[in-house]
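Structural characterization, general
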Amino acid sequence: MKWFLAFLTLVLIVLHQDWWNWSKVDPLLFNFVPVGIWYHALFCVAAAILLWLFDLLAWPRHLENVEPEPGVAGDEKSTGH
Amino acid sequence: MQDWLPAIVIFIYLAVVLYIGVFAFRRGKGTGEDFFLASRSIGSIFFFLALFATNMTAFAILGSSGMSYKVGLGVFGMMATSSALVIPLTLFFIGTRLWAVGKRFGHMTQVAYFRDRYECSHIGTLIFLLTAAMLIPYLIISIDGGGTILSSLTNGKISYPIGGLIVALIVMATVFFGGLRGAVWVNVLQTLLFVAFGIVAFLAIGSHIQGGFPGVVNRMLTDPSNKLAPTDMGKMGTLLTRQRIPWQVFLSFMLIPLSSIMFPHMSIMCFTAKRVTAFRKTVVWYPLCIMAIWLPCCFLGALAPGQEQVRARVAAQSESFKQWLEEHGDVKAGPAAGLTPALQKVVAAGAKAKPKTPPALFAATASKILAEVRGGVEIKPVDVAGEMYAVKNPDFQSVWGRIATQNSDSVLLEMLKVYVPAGLAGILAAGIISAVMGSDCHQILGLSTMFTKDVFTYYGGSRTSEKSTVVMGRAFILIANGIAYLIALGRPPIFELAVTYAFSGFAALSPMMIAALFWKRSTKWAILANTMWVAAWVVFLVYAGQHYHPNDKVLGNIVTMNATGALSFLGFTSVVPMTLGAAILVVVVSLITPPPSRKTIDRYFGFVEEGAGRGAAAPLAAA
């Protein structure tokens, strides 16, 4: 699953570069939104879906039960050596 | 009254902010952890809204539209959607781990974590000095932004110094009384306001523009003469594409969002969540909220050059142009003599970029226009700017474009003034001020937390009580904000330069954070090397910014100054060599120096691995 999510992330990084739209305006969405804008709006939606998949499939559940180390009560006690 | 209406709306908003801050004060417990971290008690919704407000500065609204005005709507992809992917990923991996070590060991700052994780002391102090030095300019810029907005919206009825003072005082009072809890509560209102800003501004401006958005887009695309273009970089229609942004620059910006988690106030926010599950909703909603703010701002900014009225008003805001108009007393003294030093500098840079454009050509034409517009009566900067745009000579326009876009960050404010009724403009301006203040609150509180915990408490040892910690935190807020305000009054340009490079600096610090959280073998010498590497780069970048001019060669064709005056490395921006170099340094230095003691490594990785081993979800915490 880890590799699948890493692969999807890589795909999104490549899709983000969209060099094929570099000098294009068309197709104009609603007759006034250039492709450079609406493509990246869709990219944001794709990023949200990817993060949702991360949350669903790779959430670090083991961190949910972290408790303070004995001796750490509310404020900072570890101040280096 | 029209001039005061936006100010009245903003004052109502500021009063609400102040009330929330004071109300939070009543809920405080008086302990250090409560003042600086709200007792690590922030729930999911508040955590998301506050983290977002912390991260979004005025740049998200004013800077994004201003940059789109100059280089087109590619800014949205370059800066916003790269952040929409990378920032939530850093929160998912780094933020959750930071939260866990904060909860486990009681850390309140990055420096406290590094000191304990690597058994070091003075290296932590160096990290404090570097991160504080890169953060302080933001305070100054925030106050500067607040003053500019209030002054601009009231057409100067509220002066810049008074506007800046008002914003500085409200921010100071909010965090002085309410601490982090006050900042977070205020952030909820602020995030809602500035997320709504983009959508409302888009609808309000779109409904008032002549011909609507389709009309403006059509005009920009069909303009063959390029006479509407604000710079000489191409035809007007290119603003609706990414043609004005080199691919190397676009790619470089994928690394910039790594800076987000390394900003001290952002990592401190990660410590405040009540439960790690607060990150779950945050990472999913983050990309959508970034889109909600940035998309309308970039779109409006890119379309503004197609509106002559807006374009002339933006040009009239150019500092060197205004100064020239004010000081150009005697036209008969000769054209070149009339140019002020500031304007001469811009003209000379333009002439260097386009050798055909002698400064004298610009000076003569500009002076002639001024004499004609003047006609013996009062000069209106907007009228002169309009005439400047009407000159057909492309060489003249190449220089004028540089001058006219100097203060392009004002483009959205000018659009509000032209197209939106005064009352609504006030509400929208409150949204912009929210973006300024939301992050400003956390920057100043972050600095205060770092100074109090990493210097005052650390070196004061056991003598420092809870009460004295909070007193010191509050005193620092007063002093730091006061100094920042005084510096902002002078408006020194070096701070703008520092802010420009701070993003690259914080991004290049991320390798050491990733190594500390996920790589057992990393060492304190590696984080020292990373810190010194970034410090040296920032000094070099600020030096180069002051001593080289656009299109200068710094090191053959490898290191050059690009057309906008930023350092370029084979076309890539400075963040690329800085971050890649830092990552290599961290790996190499770690491998040749001794790691921390086994006991410390076990403390920091043992509790994570134990948790993962208890049948939890697949651990991403590969050490």
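A quick note: this is a predicted structure, and the numbers were derived from the prediction, not measured. (Residues numbered from 1 in each chain as written. Chains lettered and ligands numbered in written order. Predicted model: local features only at pLDDT ≥ 70, side-chain atom pairs only at ≥ 80, totals over all residues.)

**Describing the overall build of chain A**
- In terms of helices and strands, chain A carries 2 helices and 0 strands.
- Counting all 81 residues of chain A, 27% fall into the buried class. (Helix = DSSP H or I, 4+ residues; strand = E, 2+ residues; numbered from the N terminus. Buried ≥ 20, exposed ≤ 12 C-beta atoms within 10 Å, placed from the backbone.)

**Regarding the overall build of chain B**
- Helix and strand content of chain B: 26 helices and 4 strands.
- Here chain B holds 623 residues, and 57% of them are scored as buried.

**Some words on the interface of chain A and chain B**
- Across the boundary between the two partners, chain A contributes 47 residues, which contact 66 residues of chain B.
- At the level of elements, helix 1 (2-17) and helix 2 (35-58) of chain A are the ones that each hand at least two residues to the side of chain A that touches chain B.
- In terms of residues, the side of chain A that touches chain B owes the most to one element, helix 2 of chain A, which gives 13 residues.
- Among the residues forming the side of chain A that touches chain B, the class breakdown is 25 nonpolar, 13 polar and 9 charged. (Contact = placed C-beta atoms within 7 Å. Nonpolar A, V, L, I, M, F, W, Y, C, P; charged D, E, K, R; others polar.)

**Description of unusual backbone geometry**
- Here the bond from Asp26(A) into Pro27(A) is cis, since omega is 0°, no more than 30 degrees from zero.
- Tracing the chain through its elements places Pro27(A) in the loop between helix 1 and helix 2.
- Backbone geometry places Ser39(B), a non-glycine residue, at a positive phi of 55°.

**Things to note about the sheet that holds strand 3 (residues 567-569) of chain B**
Residues and elements named next belong to chain B.
- Taken in spatial order, the 4 strands make up an open sheet running 1-2-3-4, and their pairing is antiparallel. Edge positions in the open sheet fall to strand 1 (553-555) and strand 4 (572-573), since each of these has one partner strand only.
- Pairing of strand 1 with strand 2 (residues 559-561), which is carried by 2 bridges, proceeds in the antiparallel orientation. Residue Lys553 lies in a different strand from strand 2, and its bridge partner there is Thr560. (Pairing = 2+ DSSP bridges.)

**Structural notes on the nonpolar core**
Residues and elements named next belong to chain B.
- Counting residues in hydrophobic clusters, the biggest one holds 223 residues, and the most contacted among them are Ile61, Ile293, Trp294, Cys298, Ala429 and Ile432.
- Element by element, the count of residues in this core is highest for helix 8 (residues 160-208), at 20 residues.
- Residues in contact with Ala429, not counting those within four places in the same chain, are Pro6, Ile10, Ile149, Leu153 and Leu416. (Core = buried A, V, L, I, M, F, W, Y, C linked by C-beta atoms within 7 Å.)

**A short note on the environment of Gly460(B)**
Residue and element names in this part refer to chain B.
- Relative to the helices and strands, Gly460 is located in helix 21 (residues 422-460).
- In this structure Gly460 comes out as partly exposed when scored by C-beta crowding, with 14 C-beta atoms within 10 Å.
- Distance in space between the C-alpha atoms of Gly460 and Ile12 is 42 Å, their sequence separation being 448 residues.

**Focus: the confidence of the model for chain B**
Residues and elements named next belong to chain B.
- Of all residues in chain B, 84% attain a pLDDT of 70 or more, and the chain-wide mean is 81.
- Here helix 16 (residues 341-353) stands out as the least confident element of chain B, with mean pLDDT 57; helix 25 (residues 575-592) is the most confident, with 95.
- Within the model, the stretch residues 228-233 combines pLDDT values under 50 with 23 contacts to residues more than four positions away or in other chains.
- Here residues 615-623 is a poorly scored stretch, pLDDT under 50, and it has 27 contacts once near neighbours within four places are set aside; other chains count.
- The ipTM value of the predicted complex is 0.91, and its pTM value is 0.88. (pLDDT = per-residue confidence, 0-100.)

**Observations regarding the packing of helix 14 (residues 308-316) of chain B against helix 18 (residues 381-390) of chain B**
All names here are of chain B.
- It is the contact of helix 14 with helix 18, at a shortest axis distance of 8 Å, that shows an interaxial angle of 115°. Taken together, the axes of helix 14 and helix 18 lie roughly perpendicular to each other. For the pair helix 14 and helix 18, the crossing hand works out as right-handed. In this structure, helix 14 uses Arg311, Ala312, Arg313, Ala315 and Ala316 to contact helix 18, whose residues at the interface are Pro381, Val382, Ala385, Gly386, Met388 and Tyr389.
- Each residue belonging to the contact of helix 14 with helix 18 can be placed in one class, and the counts come to 8 nonpolar, 1 polar and 2 charged. (Axes fitted to C-alpha atoms, helices over the stretch in contact; angles between N-to-C directions. Parallel < 35°, antiparallel > 145°, perpendicular 65-115°, else oblique. Left-handed = near helix turned anticlockwise from the far one by under 90°.)

**Focus: the environment of Arg402(B)**
- Looking at the secondary structure, you find Arg402(B) in helix 19 (residues 394-404).
- Separated by 84 residues in sequence, Arg402(B) and Ser318(B) place their C-alpha atoms 9.6 Å apart.

**Quick notes on helix 24 (residues 524-547) of chain B**
- Counted at 1.5 Å a residue, the expected span for helix 24 of chain B with its 24 residues is 34 Å, and the 35 Å between its end C-alpha atoms agrees.
- Every buried residue belonging to helix 24 of chain B is among Lys524(B), Ala526(B), Ile527(B), Leu528(B), Ala529(B), Asn530(B), Thr531(B), Trp533(B), Val534(B), Trp537(B), Val538(B) and Leu541(B), and all of these are buried. (Expected span 1.5 Å × (residues − 1).)

**Quick notes on the confidence of the model for chain A**
- Per-residue pLDDT for chain A has a mean of 85; in total, 88% of the residues score no lower than 70.
- Residue range residues 75-81 of chain A is modelled with pLDDT below 50. Its contacts to residues more than four positions away, or to other chains, number 26 contacts.

**With respect to the packing of helix 5 (residues 74-105) of chain B against helix 13 (residues 278-303) of chain B**
Residue and element names in this part refer to chain B.
- Remark: helix 5 packs on helix 13, axes separated minimally by 9 Å, with the N-to-C direction vectors making an angle of 165°. It follows from the interaxial angle that helix 5 and helix 13 lie roughly antiparallel. Both helix 5 and helix 13 take part in a crossing whose hand is right-handed. Residues Val75, Phe76, Ala80, Ser83, Ala84, Leu85, Ile87, Pro88, Leu91, Phe92, Gly95 and Thr96 of helix 5 touch helix 13, and the partners they reach there are Phe279, Thr282, Val283, Tyr286, Pro287, Ile290, Met291, Trp294, Leu295 and Cys298.
- Of the residues assigned to the contact of helix 5 with helix 13, the class counts are 18 nonpolar, 4 polar and no charged.

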